[in-house]
Amino acid sequence: MGRVIKLFIYYLLYTFAFTGIFSGGYMIANHTLEFPQSDATVFQLTMWAQVLSTLAVGVHLLVWKYVKRDQLSLSFPNAGKVMLASIILIVGMGCWTNYLTELTGLPDTMEEIFTKAMYNPLGVISIVVMAPIVEELLFRGGMQGHLLRKWKNPAWAILVSALIFGIVHGNPVQMFFASILGLVLGWIYYRTGSLLPCMLMHFINNGTSVLLFHLSGGEDETMTEALGTTGAICLALVGVVLTVWSIWYIKTRLIPNQIVWKETPAPAEEVIASESKEQA
């Protein structure tokens, strides 16, 4: 669990560091102690901080080999069919999880920020491209992968990484949905040993949200508002069927034999730290 905590701290440090650099630069340039989010320049700086901090996390994970090359390959059985089934799985999930989120009535505390991000090129890049790649490297590759090799029960590894994934989003409505999404992404990673299906599913999930937002003219309609109660329920039920079928198909027909998770050498960063302690 130590590595998981360390990676989580790295994630926070990179976020705070880049936010501090851009906010500090703005304050110095404008001779002020305020950093008003309503200011267009401030929001643009916030988007740059988000993109660059996310990129820094991804580079750190790859350079220090928390994520290995074999975790970014299509070497698992029936790779093409698994990728296709994963697409069906995430589309099906979107149908029933969106409706379930409506029923919970959880507050969206970041609605204004996300609306602005949807109209900002850097915001769209952050949501559609950066998040699917780096979040999968961090939460599935760096955190869950380590726990799968350390813990005897893979279910706990999947659950812990999914909960951390949900908590990091910091928005009640997102935390609920992200935790559920994290469970499925974690299961796909556990079955395949590859982050590519997870990245694809994450990309489709986020990309669809951005696309639907713009197709609706910026109106964040619920499924019930768009389709009516009966239509929303029917679509949710179709989603449940697609989800169950996809999981069954992947587990029984495409990857019936579970891959073996083995302990791997520690990242270069940890090796260097260990050697330094021994020399001291």
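Note that the coordinates shown come from a computational prediction; the quantities given were computed from them, not determined experimentally.

This part is about the nonpolar core. Ranked by size, the top nonpolar core spans 56 residues in total, and within it Leu61, Leu138, Met143, Leu181, Ile188, Met201 and Ile250 carry the most contacts. It is helix H5 (residues 121-150) that contributes the most residues to this core, 11 residues altogether. When neighbours within four sequence positions are excluded, Met201 is seen to be in contact with Ser86, Leu89, Ile90, Val184, Leu185 and Ile188.

Here Ile21 lies in helix H1 (residues 2-30). Sequence separation between Ile21 and Asp70 is 49 residues; the distance between their C-alpha atoms is 35 Å.

Time to look at the side chain of Ser161. Tracing the backbone through its elements, the reader meets Ser161 in helix H6 (residues 154-169). Note on Ser161: relative accessible area 0%, which makes it buried. From its side chain, Ser161 meets the backbone oxygen of Ile158 in a polar contact 3.0 Å long. Those residues within four positions of Ser161 in sequence are excluded, and the remaining contacts are Phe139, Arg140 and Gln144.

This paragraph deals with the packing of aromatic side chains. Aromatic ring pairs: the centre-centre distance and the angle between the two ring planes describe each pair. Considering all chains together, one arrives at 6 aromatic pairs under this definition. Through successive ring pairs, a cluster of aromatic residues spans Tyr11, Phe139 and Phe165. The ring of Phe165 carries Arg140 above its face, with NZ or CZ at 4.5 Å from the centroid.

This brings us to the packing of helix H3 (residues 79-104) against helix H9 (residues 223-254). Helix-helix packing is described using two parameters, namely the angle between the two axes and the distance between the axes. Axis separation between H3 and H9 bottoms out at 7 Å; the angle between their running directions is 145°. For H3 against H9, the interelement crossing comes out left-handed. For the contact of H3 with H9, the residue count by class is 20 nonpolar, 7 polar and 2 charged.

For residues other than glycine, phi is negative in most cases, and the peptide bonds are mostly trans. The phi torsion at His31 lies on the positive side, around 50°, for a residue other than glycine. Within the fold, His31 resides in the loop between H1 and helix H2 (40-63). By relative accessible area, which is 73% here, His31 ends up exposed. Even without being a glycine, Asn78 presents a positive backbone phi close to 50°. Its location among the elements puts Asn78 in the loop between H2 and H3. A relative accessible area of 37% means that Asn78 is categorised as partly exposed.

Taken as a whole and assessed by the stated rule, the structure comprises 2 salt bridges. We note a salt bridge from Lys116 to Glu112, for which the minimum N-O separation is 4.0 Å. Highlighted residues: Lys116 and Glu112, both in helix H4 (residues 111-118), separated by 4 residues, approximately one helical turn. When the shortest N-O distance is used, the salt bridge between Glu136 and Arg140 registers 2.8 Å. Taken together, the positions of Glu136 and Arg140, both in helix H5 and 4 residues apart, correspond to about one turn of that helix. Residue Glu136 is classed as buried on the basis of its relative accessible area, which comes to 0%.

This brings us to helix H7 (residues 172-192). Under the 1.5 Å per step criterion, the end-to-end length of H7 is 30 Å for 21 residues, consistent within 8% with the ideal 30 Å. Burial analysis of H7 places 16 of its 21 residues in the buried class, the great majority of the element. Within two residues after H7, Gly193 carries a phi angle of roughly 75°, on the positive side.

Before going further, it helps to spend a moment on the confidence of the model for the protein chain. Model confidence for the protein chain is summarised by a mean pLDDT of 93, while 96% of its residues fall at 70 or above. Highest mean pLDDT in the protein chain belongs to H5 (97); lowest belongs to helix H10 (residues 268-279) (68).

Among the residues examined, Glu112 registers a relative accessible area of 60% and is labelled exposed. Along the sequence, Glu112 and Lys152 sit 40 residues apart, while their C-alpha atoms lie 43 Å from each other.

What counts as what
Residues numbered from 1 in each chain as written. Predicted model: local features only at pLDDT ≥ 70, side-chain atom pairs only at ≥ 80, totals over all residues. Heavy atoms only, no water. Core = buried A, V, L, I, M, F, W, Y, C linked by side-chain atoms within 4.5 Å. Buried < 20%, exposed > 50% of the residue type's maximum accessible area, 1.4 Å probe, protein only. Helix = DSSP H or I, 4+ residues; strand = E, 2+ residues; numbered from the N terminus. Contact = heavy atoms within 4.5 Å. Polar contact = N/O pair within 3.5 Å; in protein donor to acceptor, adjacent residues only side chain to side chain. Phe/Tyr/Trp six-rings, centres within 6.5 Å; stacked < 30°, edge-to-face > 60°. Lys NZ or Arg CZ within 6 Å of the ring centre and 35° of its normal. Axes fitted to C-alpha atoms, helices over the stretch in contact; angles between N-to-C directions. Left-handed = near helix turned anticlockwise from the far one by under 90°. Nonpolar A, V, L, I, M, F, W, Y, C, P; charged D, E, K, R; others polar. Salt bridge = Lys/Arg side-chain N within 4 Å of Asp/Glu carboxyl O. Expected span 1.5 Å × (residues − 1). pLDDT = per-residue confidence, 0-100.

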